[in-house]
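Below are the chains, spelled out letter by letter.
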There are 2 protein chains.
Amino acid sequence: MDDSFDAMLSRFAEVAVKVGVGLLPGQKLMIRSPLEAAPLARKLAEEAYKAGSRFVTVNWLDEQVALARYKYAPRDSFEEFDAWRVDGLVRAIDEGTGVLNISADNPTLLKDQDPELIRKTSQTASRYTKPYIERITSFAVNWCIVPAATPAWASQIFPALTQEEQMKKLWDAIFEVTRMNEKDPVAAWKAHTASLQERVNFLNARRYKALHFKGPGTDLIVGLADGHLWAGGAGKAKNGSTCIPNMPTEEVFTTPHRSYVEGYVTSTKPLSLHGNLIEGIRVRFEQGKAVEIGADKGETVLKNLLDTDEGAKRLGEVALVPHSSPVSKSGILFYDTLFDENAASHIAFGRAYDECLEGSTELSAGQKATKGFNDSLIHTDWMIGSGQVDVDGISQNGQVEPLMRAGEWVS
Amino acid sequence: MDDSFDAMLSRFAEVAVKVGVGLLPGQKLMIRSPLEAAPLARKLAEEAYKAGSRFVTVNWLDEQVALARYKYAPRDSFEEFDAWRVDGLVRAIDEGTGVLNISADNPTLLKDQDPELIRKTSQTASRYTKPYIERITSFAVNWCIVPAATPAWASQIFPALTQEEQMKKLWDAIFEVTRMNEKDPVAAWKAHTASLQERVNFLNARRYKALHFKGPGTDLIVGLADGHLWAGGAGKAKNGSTCIPNMPTEEVFTTPHRSYVEGYVTSTKPLSLHGNLIEGIRVRFEQGKAVEIGADKGETVLKNLLDTDEGAKRLGEVALVPHSSPVSKSGILFYDTLFDENAASHIAFGRAYDECLEGSTELSAGQKATKGFNDSLIHTDWMIGSGQVDVDGISQNGQVEPLMRAGEWVS
């Protein structure tokens, strides 16, 4: 094996194209990439063409242009949006194009910017991107998110190192947690997603009424929606492709009940949100709604987010991740949800996933809500699991079954 | 004046926003930029916001992804196109967004690629981008093209220097020919466009029947369309903005007659086309049509281009540029039409400009053709002027008036 960085990046791109997005024969591909991730985006384009794609288009985004807006744009202009870009995404998806997103945000890009402008920008984006998000969450086509190391992100994680060392360490960590160091990464991913599927099948068979999280600062009952379905690992898109929406992925997840979440919970890792870090989140829920919200850092940004709409204070996802996951074992705090949510069990404020509710496509919004399915413009994961957190399943007749102890599956 | 590069680039961006695209109060702006031109694109975004733009969106393009397609895509897939990007441009323009293009092509990007694939790609692009091109050439909104130095381009021009020196020399040349070294570049541009306007007014008053080019390898009569209008320098867009479509710009230009071009002509500078260099072009025209086409280098690419459609072998532009223009005086061959066309008088194969025909918007395509207006999917300029070329104007009654001698205006 040629282990030079260039060869490794090509291999990573090949796995992302073949196993991640699960490119269909001749299928067109849209890559969404930050400018800083150009080396990976170009490799993905090459590997997609080599795998037979008829056309690869890259939708580039630039954080520096976004930052210039915060610094210099008229203060009353933050409800403007580049709708043409979403139109393009929707058109591409409706023509059957697969979507490969590169995640490489600078976690502190917006740390000095006005939270009110951040809130307005994010709300506007949520409103405009809804047709895109709906297609993604309902798996209209195959899609996948893969990470790329960038200098801004790497310097956040490894502040003491030189830039070259930072980038090398972050890429090494990415390759490790995405199983690229296995002898046959494609086979390793197939085995891994099969094992997640077993866990999904087990949990679907149990049909729990609720989960109970207990740990330091946490005693939380998360009711599950009627007809909730567990999912995890690979997903089956409507076009027949099997894709892995997130690389890395270690979670199994389902739909909480929007009106049945009770108790209090404390975050176990920082949440990186719109360029801000939110740490030490403490929330108390009553009848599914967050009624007390606090944070040691970034409280205003969090509260603004939860003011987006009625559903933003309720849960749309609950996910179980063992404390021994490769991401967790790396010991690295990535400041990026794609990683950190795969190091710990978590919940998400906001919109639930249609794939996690039985027969959701035949149900009206009202019918879904009655079953406990939550709707919102936002979907924000935050981490509540650790090596000190236990999880029980509560059956329909109130029986308590241990699922996780000290962060690990009991069986 | 702070003459550090960063400050100079900011000034250049400010001039491009205020004088080049002529941003209207609060107007939205779309920047089209190659990835390599990110430093300028970001400055343009900053300066546009500082000038009051409500929203700046950047439509990024990447040559490396384009090259990956030539290398690896299925050979029968070159009629695919990212239509979503053109949709976005058209939508933005129809909403009144100004357009600022950054020109920074690597002139030899495609030198090793199959001319047939290049032809197919370019024809497909011409077909899909027609709604965009029509809006640009009819000045539906204000627009401007500005250059940016990139390593690939700079190394072509100054092969003997180090990369750092190459970039510095090319930026210095760009700043020089775009009048950025004047004490007040905005005032200098206003004076320059006023002087081009005087030349335009003079030529419009003369109402020549034809121009006659004479020089080494050239004896060419270029008939002018009935109702031809001369243009140059600044343009007035339909939204009321005054913009400078090309920076630099030194030309005055008008519409040739599609059926009345006679004689032979030899190019005086290489033409950079789709990543190929075409040198030593020799063409003979009969009744407006190129009937003999040759080139010392790149002949196949040229011939493929001229096979695009019926109008591709006829002329859509004739332009006069004095041999003493700043671009010509720089002594640099830029391998880029935006520059090289401003160093020499030139003609263009293909589509004519509506702004250069009286009342064109009220005329049908057939009526325009009768007046001599040429239509085509292509518009490709090539240089035929030099310090050894004379130009005469031929009046409606056959009188010959000297316009240029040895490449300079006679008055």
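Residues numbered from 1 in each chain as written. Chains lettered and ligands numbered in written order. Predicted model: local features only at pLDDT ≥ 70, side-chain atom pairs only at ≥ 80, totals over all residues. Heavy atoms only, no water.

(A) Just the overall build of chain A, in detail. Within chain A one finds 12 helices and 21 strands. Viewed in the frame of its principal axes, chain A has a C-alpha envelope of about 55 × 50 × 50 Å. When burial is assessed residue by residue, chain A has 60% of its 411 residues classed as buried. Per element, the accessible surface of chain A, about 15500 Å² overall, is 49% carbon and sulfur. (Helix = DSSP H or I, 4+ residues; strand = E, 2+ residues; numbered from the N terminus. Buried < 20%, exposed > 50% of the residue type's maximum accessible area, 1.4 Å probe, protein only. Areas by Shrake-Rupley, 256 points an atom, 1.4 Å probe, with all protein chains shown as cover.)

(B) Examining the sheet that holds strand S11 (residues 256–266) of chain A more closely. Pairing is antiparallel in the open sheet, where 8 strands are placed in the order S15-S14-S11-S6-S5-S19-S20-S21 (chain A). Every interior strand has two partners, whereas the edge strands, strand S15 (289–294) and strand S21 (408–409) of chain A, have only one. (Pairing = 2+ DSSP bridges.)

(C) Expanded view of the interface of chain B and chain A. Counting residues at the interface gives 38 residues for chain B, matched by 39 residues for chain A. Roughly 3600 Å² is buried in total at the junction of chain B and chain A, and carbon and sulfur atoms are behind 62% of that figure. One can count 12 salt bridges joining chain B with chain A. Residues Lys28 of chain A and Glu80 of chain B are paired through a salt bridge, measuring 3.2 Å at the closest nitrogen-oxygen approach. At the junction of chain B and chain A, the tally comes to 19 residue pairs in polar contact (both at pLDDT 80 or more). Within the residue set of the side of chain B that touches chain A, elements represented by two or more residues are helix H2 (38–50), strand S2 (56–61), helix H3 (63–72) and helix H4 (83–94) of chain B. Classifying every residue of the side of chain B that touches chain A by side-chain character gives 17 nonpolar, 7 polar and 14 charged. (Contact = heavy atoms within 4.5 Å. Buried area = accessible area lost by both parts, 1.4 Å probe. Salt bridge = Lys/Arg side-chain N within 4 Å of Asp/Glu carboxyl O. Polar contact = N/O pair within 3.5 Å; in protein donor to acceptor, adjacent residues only side chain to side chain. Nonpolar A, V, L, I, M, F, W, Y, C, P; charged D, E, K, R; others polar.)

(D) Fine view of the relation of the copies chain B and chain A. For the pair chain B and chain A, the best superposition has an RMSD of 0.0 Å and corresponds to a rotation of 180 degrees with a translation of 0.0 Å parallel to the axis. The operation mapping one copy onto its partner corresponds to a two-fold rotation axis. Residue Trp60 of chain B of chain B places its C-alpha closer to the rotation axis than any other residue of that unit, at 2.9 Å. A shared binding surface is used by both copies, with 100% of the interface residues of chain B retained as interface residues in chain A. (Least-squares fit on C-alpha atoms with pLDDT ≥ 70 in both.)

(E) Here's a closer look at the side chain of Asn276 of chain A. All names here are of chain A. Mapped onto the elements of the fold, Asn276 is located in strand S13 (residues 276–278). Here Asn276 falls in the buried class, since its relative accessible area comes to 11%. Asn276 has contacts with Pro107, Leu110, Lys111, Ile118, Leu271 and Val301, leaving out every residue within four places of it along the chain.

(F) The arrangement of the packing of aromatic side chains in detail. Residues and elements named next belong to chain A. Overall, the coordinates contain 27 aromatic pairs over all chains when judged by the stated rule. Judged by centre distance (5.6 Å) and plane angle (35 degrees), the ring pair of Phe139 and Trp143 falls under tilted. Clustering of aromatic rings is evident, with ring pairs tying together Phe5, Phe12, Trp171 and Phe175. Sitting over the ring of Phe78, Arg69 keeps its end group 4.6 Å from the ring centre. (Phe/Tyr/Trp six-rings, centres within 6.5 Å; stacked < 30°, edge-to-face > 60°. Lys NZ or Arg CZ within 6 Å of the ring centre and 35° of its normal.)

(G) Region of interest: the packing of helix H5 (residues 115–137) of chain B against helix H9 (residues 299–306) of chain B. Residues and elements named next belong to chain B. Running from N to C, H5 and H9 point in directions that differ by 30 degrees, and their axes come no closer than 10 Å. Between H5 and H9, the crossing angle belongs to the class labelled roughly parallel. In terms of crossing hand, the pair formed by H5 and H9 is right-handed. Here Pro115, Glu116 and Arg119 of H5 lie close against H9, whose contacting residues are Thr300, Val301 and Asn304. A per-class count over the contact of H5 with H9 returns 2 nonpolar, 2 polar and 2 charged. (Axes fitted to C-alpha atoms, helices over the stretch in contact; angles between N-to-C directions. Parallel < 35°, antiparallel > 145°, perpendicular 65-115°, else oblique. Left-handed = near helix turned anticlockwise from the far one by under 90°.)

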